[in-house]
Amino acid sequence: MRRALIALAVLAACKGKRDVDTETRPVEPAPVARDGGVPDAPTSGWAGLAELPLVHPVREVVLPSRTDQPRFDVVGPVIVGDLAVVGSSQLGFAGVDWRRGAVAWTKPTGSRIAPPVIHGDDVLLIGDCLGAPAIPDAEQLLGCLRTVTPLGADQAYIAIHGKAALVEEFSHSAGEQQTWVAGDHVRWRRGDLAIAIDVMSGIATPAPIAPPLLGVTYNGHHWDIEEVDGKVIAHGKDKPWETEHAYGRLLGAVYLPKQNPMVRVASISARFGDPEIRLLDIDATGSMNGQASWSFVPGIAVLAHAISPVGDVALAVRLDKTLKHDYVAGFAANALLLWVYPLPETARVDPVGVAIALDAERAPEAVVVFHDGDTVTILPELSSPPTAPGAVRGPSENATP
């Protein structure tokens with residue numbers, strides 16, 4: 001049996017209710033859903049993929065879009081039950097039933113949108129307002145927030161606004177976007193600026209741009225973990241630690257049976273001059289123990305990633321500098337490479353979004369990819385065979401890594 005992991009001493013040095021807009025304007029033509037077939041073999045330009053385990057998609061959904069509109073923003077997917085919520089400036093927001101390959105609902109928006117976010121049992125959709133809502137004098141309009149249920153029923157539609165002197169700079173900011181829940185507010189980051197939005201009133205105020213840290217609790221100790229310039233830093237009350245060297249992108253936490261929780265990173269290095277991406281796991285408690293994946297994949301950058309509660313990982317990888325060769329690689333929690341899926345060969349300028357859909361037991365059931373601004377591709381699950389070393393299913397010790 002092929003070993004899934006090799007032991008490695010990781011070189012880590014540890015230091016000591018409101019007005020509701022119910023408009024759901026349909027977009028024509030209707031979406032196209034099709035079951036996946038066997039993927040085409042990578043061309044000669046896809047060096048290194050031909051020898052890896054290729055997989056075909058479970059299904060693919062091509063969403064209707066308004067090609068006469070500029071494609072400013074492409075966001076999602078965010079998973080809520082059987083739905084993958086995605087959006088772009090050309091199609092608005094859409095809730096896609098990833099199990100059946102059907103569009104459950106769509107919501108119109110303006111030309112600029114932000115990533116959808118789950119807030120309790122609802123989905124929050126942020127974008128340009130469809131009209132000109134009334135806001136107090138001396139305040140700046142930043143957009144509108146629509147609250148919908150997973151079934152697509154509108155709960156609220158409110159203006160996002162704040163004192164012009166405080167949010168004017170954010171209104172003109174650009175760059176990578178993030179959204180996340182912070183208490184009773186939603187944080188919206190755009191480039192180097194962020195605001196906190198009160199979901200009841202829509203009032204926005206400046207806020208720190210730092211996203212939530214990765215939390216790991218084990219044997220009565222807790223660490224809040226972040227990645228700074230490639231280094232992993234763990235803030236703990238009595239056992240803080242950090243790595244001496246930079247390793248790469250922080251992916252999340254891994255929980256394998258009879259092992260300490262691990263912190264997983266994607267490390268990019270070169271072997272014989274060829275760039276490769278390998279998963280590295282560092283003991284979350286700060287010990288010198290660690291491990292590296294036996295499997296690796298070729299590539300020069302990680303475009304996006306998703307991780308399950310136990311550590312299964314899906315990576316969107318850029319293979320080379322042509323900008324045409326991107327693919328998704330699926331790893332089980334024990335770092336075994338299960339499959340790779342080449343995305344359509346095209347000059348890809350829009351971001352690729354990746355999410356992992358879970359079953360009722362919080363085990364990974366599918367990988368959902370949103371790419372090229374209008375396509376949702378559903379790929380197989382990530383769990384390794386039960387007999388594989390370190391195979392695991394079910395909820396982790398920390399339910400929200």
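Just so you know, these numbers come straight off a predicted model, no measurement behind them.

**Student:** Help me out: how do you make sense of the overall build of the chain in this one?
**Tutor:** Scanning the chain for helices and strands turns up one helix and 30 strands. By element, 54% of the accessible surface of the chain is carried by carbon and sulfur atoms, the whole surface being about 17,900 Å².

**Student:** When you look at the sheet that holds strand β8 (residues 117–119) in this model, what are you seeing that I'm missing?
**Tutor:** Consider a sheet: its strands pair through backbone hydrogen bonds, and that pairing is either parallel or antiparallel. In space, the four strands of this open sheet follow the order β8-β9-β10-β11, with antiparallel pairing throughout. Because the sheet does not close on itself, it has two edges, and the strands there are β8 and β11 (154–163). For this sheet, the mean angle separating the axes of adjacent strands, direction not counted, is 30°. Its contacts with the sheet put helix α1 (residues 164–171) on β10 (139–148) and β11, and the angle it makes with β10 is roughly 70°.

**Student:** What exactly am I supposed to notice about the packing of aromatic side chains here?
**Tutor:** Inspection of every chain in the model, using the stated rule, returns one aromatic pair. For the ring pair Phe170 and Trp188, a centre distance of 5.1 Å and an interplane angle of 80° mean the geometry is edge-to-face. On the criterion of sequence distance, the pair formed by Phe170 in helix α1 and Trp188 in strand β13 (residues 185–190) is long-range, its members being 18 residues apart. A cation over an aromatic ring shows up here: Arg190 above the ring of Phe170, its NZ or CZ 4.6 Å from the ring centre.

**Student:** Explanation requested: the nonpolar core in the structure shown.
**Tutor:** Side chains that are nonpolar tend, in soluble globular proteins, to be buried together. Grouped together as the largest cluster of nonpolar side chains are 19 residues, with contacts concentrated most on Val297, Leu315, Tyr327 and Phe331. Among all residues touching Phe331, those that are not within four sequence positions of it are Leu279, Ser295, Val297, Asp312, Val313, Leu315, Leu336, Leu337 and Leu382. One finds Ala234, Leu250, Tyr255 and Ala284 within the second-largest nonpolar core, a separate group that totals 18 residues.

**Student:** Whenever I open this one, the side chain of Asp283 confuses me. Can you help?
**Tutor:** Topologically, Asp283 is positioned in strand β22 (residues 274–283). Notably, Asp283 is buried but unbridged: the nearest opposite-charge side chain belongs to Lys239, and the N-O separation is 9.6 Å. At 3.2 Å, the side chain of Asp283 and the side chain of Asn260 are in polar contact.

**Student:** Looking at this structure, how should I read the sheet that holds strand β5 (residues 83–88)?
**Tutor:** Pairing is antiparallel across the open sheet formed by four strands, whose spatial order is β4-β5-β6-β7. Across the chains shown, the open sheet's two edge strands, defined by having one partner strand only, are β4 (74–80) and β7 (102–107). Averaged over all adjacent pairs, the angle separating strand axes in this sheet is 20°, with direction ignored. Here β4 pairs with β5 via five bridges, running antiparallel. When the sheet's bridge partners are listed, Val78 is paired in β5 with Val85.

**Student:** Honestly, the pairing of strand β29 (residues 364–371) in this entry has me stumped. Any pointers?
**Tutor:** Looking along a regular strand, one sees the side chains alternate between the two faces of the sheet. The element β29 is largely enclosed, with a buried count of seven among its eight residues. The sheet contact formed by strand β28 (residues 353–358) and β29 spans six bridges and is antiparallel. Counterpart to Ile356 in the pairing with β29 is Val367. Taken together, β28 and the strand that follows it, β29, pair antiparallel across an intervening segment of five residues, in which Arg362 is found at a positive phi of about 65°.

**Student:** Honestly, the state of the cysteines in this entry has me stumped. Any pointers?
**Tutor:** Each disulfide consists of one covalent bond between the sulfur atoms belonging to two cysteines. Summed over the entire model, instances satisfying the criterion amount to one disulfide. Each sulfur of the disulfide joining Cys129 and Cys144 lies 2.1 Å from the other. Its S-S torsion of approximately 95° makes the covalent link between Cys129 and Cys144 right-handed. Taken together, the residues span a long stretch of sequence, with Cys129 in the loop between β9 (122–127) and β10 and Cys144 in strand β10 at a distance of 15 residues. In terms of burial, Cys129 and Cys144 fall into one category: buried.

**Student:** Honestly, unusual backbone geometry in this entry has me stumped. Any pointers?
**Tutor:** Glycine aside, residues mostly have negative phi, and peptide bonds are mostly found in the trans state. Note the cis peptide between Gly76 and Pro77, where omega equals 10°. Within the fold, Pro77 resides in strand β4. Within the chain, Asp229 stands out as a residue other than glycine whose phi angle is a positive 55°. For Asp229, a relative accessible area of 72% gives the class exposed.

**Student:** Honestly, the pattern of salt bridges in this entry has me stumped. Any pointers?
**Tutor:** Where charged atoms from two side chains of opposite charge approach closely, those side chains can pair. Across all of its chains, the model carries 13 salt bridges by this definition. Put simply, Arg264 and Asp281 hold a salt bridge, and the shortest N to O gap is 2.8 Å. With a gap of 17 residues between them, Arg264 in strand β21 (residues 262–271) and Asp281 in strand β22 connect regions that are remote in the sequence. Residue classification places Arg264 among the buried positions, given a relative accessible area of 0%. For Arg348, the salt bridge is made with Asp326, and the minimal N-O distance between the two is 3.0 Å. Linking Arg348 in the loop between β27 (337–342) and β28 with Asp326 in strand β26 (residues 326–331), this pair joins segments that are 22 residues apart in sequence. Take Arg348 and Asp326: they sit in the same class, and that class is buried. The network of salt bridges with shared partners includes Asp82, Asp97, Arg99, Arg100 and Glu365.

**Student:** Would you mind going over the environment of Ala174 with me for this structure?
**Tutor:** You can see Ala174 is positioned in the loop between α1 and β12 (177–182). Along the backbone, Ala174 and Gly191 are 17 residues apart, and their C-alpha atoms lie at a distance of 5.3 Å. Apart from the residues lying within four places of it in its own chain, the contact partners of Ala174 are Arg190 and Gly191.

What counts and what doesn't
- Residues numbered from 1 in each chain as written.
- Predicted model: local features only at pLDDT ≥ 70, side-chain atom pairs only at ≥ 80, totals over all residues.
- Heavy atoms only, no water.
- Helix = DSSP H or I, 4+ residues; strand = E, 2+ residues; numbered from the N terminus.
- Areas by Shrake-Rupley, 256 points an atom, 1.4 Å probe, with all protein chains shown as cover.
- Pairing = 2+ DSSP bridges.
- Axes fitted to C-alpha atoms, helices over the stretch in contact; angles between N-to-C directions.
- Contact = heavy atoms within 4.5 Å.
- Phe/Tyr/Trp six-rings, centres within 6.5 Å; stacked < 30°, edge-to-face > 60°.
- Lys NZ or Arg CZ within 6 Å of the ring centre and 35° of its normal.
- Core = buried A, V, L, I, M, F, W, Y, C linked by side-chain atoms within 4.5 Å.
- Buried < 20%, exposed > 50% of the residue type's maximum accessible area, 1.4 Å probe, protein only.
- Lys, Arg positive; Asp, Glu negative; His and termini not counted.
- Salt bridge = Lys/Arg side-chain N within 4 Å of Asp/Glu carboxyl O.
- Polar contact = N/O pair within 3.5 Å; in protein donor to acceptor, adjacent residues only side chain to side chain.
- Disulfide = S-S within 2.5 Å.

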